[in-house]
Amino acid sequence: MIKKLRKAVLPVAGLGTRFLPATKALAKEMLPVVDKPLIQYAIEEARAAGIEQFCMVTGRGKTALIDHFDVAYELERTLLERGKTDLLQMLKDMSVEPGSIATVRQQVPLGLGHAIWCARAFIGDDPFAILLPDDLVLADKPCLAQLADVYHATGGNVVAIEEVPREMTNRYGILEVGYDNGKTVEVVGLVEKPAPEDAPSNLSIIGRYVLLPEVVTHLARMERGAGNEVQLTDGMAKMIGNAPFHGLRFDGRRFDCGDKAGFLEAQIAFALKRPDLAGKVRAFLKNYT
Ligand code: G1P
């Protein structure tokens with residue numbers, strides 16, 4: 001029987017050094033795209049895929065991420081007194097079930113695989129999603145919901161993938177591919193951040209995964225991989241052959257919000273989707289071309 005996907009792990013312990021000085025006292029996942037922080041996009045995408053329980057893998061200085069999903073009593077009362085019902089409704093819409101967000105601390109920055117292992121008690125024996133909030137996806141059907149469909153059909157592991165230029169394979173987890181029907185591909189190998197000449201393809205993993213809980217057992221060995229870190233990709237590679245493993249060419253556009261140019265592009269792309277902003281943004285963009 002294929003278990004329903006209900007859990008998501010959100011690794012958010014990173015220091016965000018690429019966005020200093022903005023991230024000196026502010027969690028990088030609190031940086032907004034238009035007016036919504038990256039962490040909220042990730043939680044909303046997870047909820048749209050049927051996720052009911054969330055685990056944030058945090059570190060020091062990340063409490064704003066938890067506060068963001070708490071009830072802001074004084075704020076709500078003030079909005080009510082001022083008759084700002086639209087804003088009140090917005091806060092209600094973003095609220096999650098009490099008790100549905102758990103947190104664990106990573107304590108030491110040993111890599112993404114280590115971060116996921118830190119959530120082992122939350123994961124238990126259940127399939128789970130991973131969302132890396134730095135990767136923001138603009139899509140009609142949310143990216144994780146697309147992955148969840150493949151998971152519920154196959155009962156196996158699924159990662160969201162996109163093609164990258166050869167010279168950029170050393171920034172991503174890269175797939176070695178078996179059959180390829182144009183939409184889903186069979187994963188027969190995985191390599192973390194290979195040099196272009198060693199990369200088995202130019203299909204890269206983006207920050208959306210649905211994985212079986214067995215990955216935790218492999219991560220628990222704490223074997224170091226690329227960059228001397230415990231790599232999630234290496235743990236996933238150990239599951240190949242034991243259960244179906246697919247890459248999904250998702251519909252949508254991914255923005256790397258851990259990169260300054262990617263982050264700025266996301267601002268524009270998301271603003272152009274907003275009826276209240278699209279006209280103004282289109283108008284001022286003309287001044288820069
Ligand atoms: C991580 C993963 C990598 C994946 C990438 C997607 O790398 O290790 O396999 O392709 O996220 O954004 P990082 O960006 O943490 O270096």
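Further up the page is the structure itself.
My aim in this report is to walk through the structure given alongside it, one point at a time. (Residues numbered from 1 in each chain as written. Predicted model: local features only at pLDDT ≥ 70, side-chain atom pairs only at ≥ 80, totals over all residues. Heavy atoms only, no water.)

A closer look at the layout of surface pockets
Size it by volume and the largest pocket reaches roughly 1,300 Å³. Lining of the largest pocket is provided by 44 residues; of these, Gly14, Lys28, Leu112, Leu132 and Asp134 occupy positions nearest its centre. Elements supplying a minimum of two residues to the lining of the largest pocket: helix 5 (112-118), strand 11 (203-211), helix 9 (232-237) and strand 13 (253-256). In terms of residue count, strand 11 provides more of the lining of the largest pocket than any other element does, four residues in total. (1 Å grid on protein atoms, 1.4 Å probe; cavity = no way out; pocket = protein on both sides within 12 Å on 5 of 7 lines; lining within 4 Å. Points joined across faces, edges and corners; volume = space filled by probe spheres on them. Helix = DSSP H or I, 4+ residues; strand = E, 2+ residues; numbered from the N terminus.)

Side note on the packing of helix 10 (residues 260-272) against helix 11 (residues 278-285)
Contact geometry for helix 10 and helix 11: axes closest at 8 Å, N-to-C directions at 130°. The angle between helix 10 and helix 11 places the two elements in the oblique class. Here Ile268, Ala271 and Leu272 of helix 10 come into contact with helix 11, specifically with Ala278, Val281, Arg282 and Leu285. Grouping the amino acids of the contact of helix 10 with helix 11 by side-chain chemistry returns six nonpolar, no polar and one charged. (Axes fitted to C-alpha atoms, helices over the stretch in contact; angles between N-to-C directions. Parallel < 35°, antiparallel > 145°, perpendicular 65-115°, else oblique. Contact = heavy atoms within 4.5 Å. Nonpolar A, V, L, I, M, F, W, Y, C, P; charged D, E, K, R; others polar.)

Some points on helix 7 (residues 143-154)
Under the 1.5 Å per step criterion, the end-to-end length of helix 7 is 17 Å for 12 residues, consistent within 8% with the ideal 16 Å. Among the residues of helix 7, those classed as buried are Cys143, Leu144, Ala145, Gln146, Leu147, Ala148, Val150 and Tyr151. (Expected span 1.5 Å × (residues − 1). Buried < 20%, exposed > 50% of the residue type's maximum accessible area, 1.4 Å probe, protein only.)

Comments concerning the pairing of strand 6 (residues 128-131)
Covered by surrounding structure in strand 6 are Phe128 and Ile130 together with Ala129 and Leu131, the residues of both alternating faces. Of the strand pairs in this sheet, strand 1 (residues 7-11) and strand 6 are connected by three bridges, and their pairing is parallel. Opposite Ala8, over in strand 6, you have Ala129 as the bridge partner. Relative to strand 11, strand 6 is paired through four bridges, and the arrangement is antiparallel. When the bridges of strand 11 are listed, Phe128 appears paired with Leu211. (Pairing = 2+ DSSP bridges.)

Things to note about the site of the ligand
Surrounding the ligand, one finds 14 residues, the nearest of these being Asp135, Gly173, Glu192, Lys193 and Ile205. One of the backbone N or O atoms of Ile205 is found 2.7 Å from an oxygen atom in the ligand. At 3.3 Å from an oxygen atom of the ligand is found a side-chain nitrogen or oxygen belonging to Thr233. For the ligand, whose free accessible area comes to 380 Å², the fraction covered by protein is 75%. For the shell around the ligand, a count of residues per class yields six nonpolar, four polar and four charged. (Near = heavy atom within 4 Å. Polar contact = N/O pair within 3.5 Å; in protein donor to acceptor, adjacent residues only side chain to side chain. Areas by Shrake-Rupley, 256 points an atom, 1.4 Å probe, with all protein chains shown as cover.)

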